[in-house]
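# A look at the structure
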Amino acid sequence: MKLARRGQISLEFMLVFGIMLILMLYSVNNVTFRNGSTATKTLGVQILLEGKNLANSIAGSVAQVYSQGPGSKVTTYTSVTYLAEPEYLKKAFNSTKVNIGLSNDEVRVWVGTQMITQGADKNTATTSAPYTPSSVVLSFPQGLPAKNVKIVVEWNPDRAEGMSSKVSNGYLEIDININPGGGS
């Protein structure tokens with residue numbers, strides 16, 4: 001009698017274990033990154049939120065320098081995760097190119113070659129700024145080259161307006177010079 005009971009417990013265990021394994025495999029299958037899947041769409045939203053945070057950091061730094069006037073300088077630090085991962089960018093937007101643009105008093109961060117600002121295929125995060133140099137864009141073909149970003153905004157009347165970037169000490173340094181009403 002004891003042997004029959006032991007066999008029943010083993011059979012019940014195997015049945016419960018099998019059901020749990022099937023449920024686990026179903027769950028893993030549902031969250032993998034397949035084109036058009038919920039996980040891919042969620043990844044795209046996370047990347048856009050990260051782009052919005054980067055755009056807000058740049059716009060906030062520009063606004064602070066603009067309000068302080070000529071000779072002012074602000075340094076802001078932020079970090080990114082997804083914008084520096086080409087695999088994630090490719091899965092969510094089918095492109096690894098990240099662009100940061102300043103134009104028409106807006107800061108834009110987008111993935112891909114063209115900005116799409118509305119609809120289901122939106123790939124652009126935009127933030128207003130009180131002032132931006134006219135039509136300046138930085139492009140990074142394989143995503144941002146570093147996960148830590150240092151933003152340096154300066155109002156130097158002796159320098160031409162513009163934006164440049166370099167990687168230094170593990171940081172992507174974005175240098176922006178504004179000169180509202182300036183000559184250069």
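Residues numbered from 1 in each chain as written. Predicted model: local features only at pLDDT ≥ 70, side-chain atom pairs only at ≥ 80, totals over all residues. Heavy atoms only, no water.

### Quick notes on the nonpolar core
- Core analysis: the biggest nonpolar cluster contains 37 residues, and Leu 54, Ile 58, Leu 83, Ile 100 and Leu 144 have the highest contact counts within it.
- Contributing elements (two or more residues each) for this core: α2 (38-68), α3 (86-93), β2 (98-103), β3 (106-111), β5 (136-140), β6 (148-155) and β8 (171-178).
- Those residues in contact with Leu 83, other than ones at most four positions away along the chain, are Ile 47, Glu 50, Gly 51, Leu 54, Leu 89, Val 98, Val 109, Val 111, Gly 143 and Leu 144. (Core = buried A, V, L, I, M, F, W, Y, C linked by side-chain atoms within 4.5 Å. Buried < 20%, exposed > 50% of the residue type's maximum accessible area, 1.4 Å probe, protein only. Helix = DSSP H or I, 4+ residues; strand = E, 2+ residues; numbered from the N terminus. Contact = heavy atoms within 4.5 Å.)

### Some details on the sheet that holds β5
- Strands sit in the order β4-β3-β2-β5 across an open sheet of four strands; the sheet is antiparallel. Edge positions in the open sheet fall to β4 (124-128) and β5, since each of these has one partner strand only. With strand direction ignored, the average angle separating the axes of adjacent strands in the sheet is 10°.
- Bridge count between β2 and β5: five bridges; the pairing is antiparallel. If you follow Leu 102 over to β5, its bridge partner there is Val 136. (Pairing = 2+ DSSP bridges. Axes fitted to C-alpha atoms, helices over the stretch in contact; angles between N-to-C directions.)

### Regarding the sheet that holds β8
- An order of β1-β6-β8-β7 is seen for the four strands of this open sheet, with the pairing classed as mixed. Only two strands of the sheet have a single neighbouring strand rather than two, namely β1 (73-79) and β7 (162-168). Going across the sheet, the axis of each strand differs from the next one's by a mean of 20°, ignoring polarity.
- Note: β6 against β8, eight bridges, orientation parallel.

### Overview of the pairing of β3
- Where burial is concerned, most of β3 is hidden: five out of the six residues are buried.
- Sheet topology places β2 next to β3; six bridges connect them, and they run antiparallel. Within β3, the position partnered with Gly 101 by the bridge is Arg 108.
- Linking β2 back to β3 in an antiparallel pair, the connection comprises two residues, with Asn 104 at a positive phi of about 50°.
- Pairing between β3 and β4: five bridges, direction antiparallel.

### Focus: the pairing of β8
- With six of eight residues buried, β8 lies mostly within the body of the structure.
- Note that β7 and β8 share seven bridges and pair antiparallel. Considered in β8, the bridge of Met 163 is made with Ile 176.
- What sits between β7 and β8 in their antiparallel hairpin is a turn of two residues, with Asn 169 showing a positive phi close to 55°.

### Here's the deal with the side chain of Asn 99
- Residue position: Asn 99 is located in strand β2.
- Judged by its relative accessible area of 2%, Asn 99 falls in the buried class.
- A polar contact of 2.6 Å, which involves the side chain of Asn 99, links it to the side chain of Ser 139.
- Those residues within four positions of Asn 99 in sequence are excluded, and the remaining contacts are Arg 108, Val 109, Trp 110, Gly 112, Val 137, Leu 138 and Ser 139. (Polar contact = N/O pair within 3.5 Å; in protein donor to acceptor, adjacent residues only side chain to side chain.)

### What about a nonpolar patch on the surface?
- A cluster of nonpolar side chains, namely Leu 11, Phe 13, Met 14, Phe 17, Leu 21, Met 24 and Leu 25, defines an oily patch on the protein surface of about 780 Å² accessible area.
- In this structure, Leu 11 sits in helix α1 (residues 2-31).
- Take Leu 11: its relative accessible area is 56%, and that puts it in the exposed class. (Patch = residues over 30% accessible without salt bridge, like charges linked within 9 Å, V, L, I, M, F, W, Y side chains within 5 Å. Areas by Shrake-Rupley, 256 points an atom, 1.4 Å probe, with all protein chains shown as cover. Salt bridge = Lys/Arg side-chain N within 4 Å of Asp/Glu carboxyl O.)

### Let's talk about the environment of Asn 169
- Mapped onto the fold, Asn 169 is located in the loop between β7 and β8.
- Placed 21 residues apart in sequence, Asn 169 and Asn 148 show a C-alpha to C-alpha distance of 9.8 Å.

### Considerations on the pattern of salt bridges
- Applying the stated criterion across every chain, the model contains four salt bridges.
- Across the pair Glu 154 and Arg 159 runs a salt bridge whose closest N-O atoms are separated by 3.1 Å.
- Arg 159 sits in the partly exposed class, given a relative accessible area of 35%.
- Two residues, Glu 173 and Lys 166, come together in a salt bridge whose shortest N-O distance is 3.9 Å.
- According to the relative accessible area criterion, Glu 173 is buried, its value standing at 11%.
- By relative accessible area, Lys 166 is classed as partly exposed at 46%.

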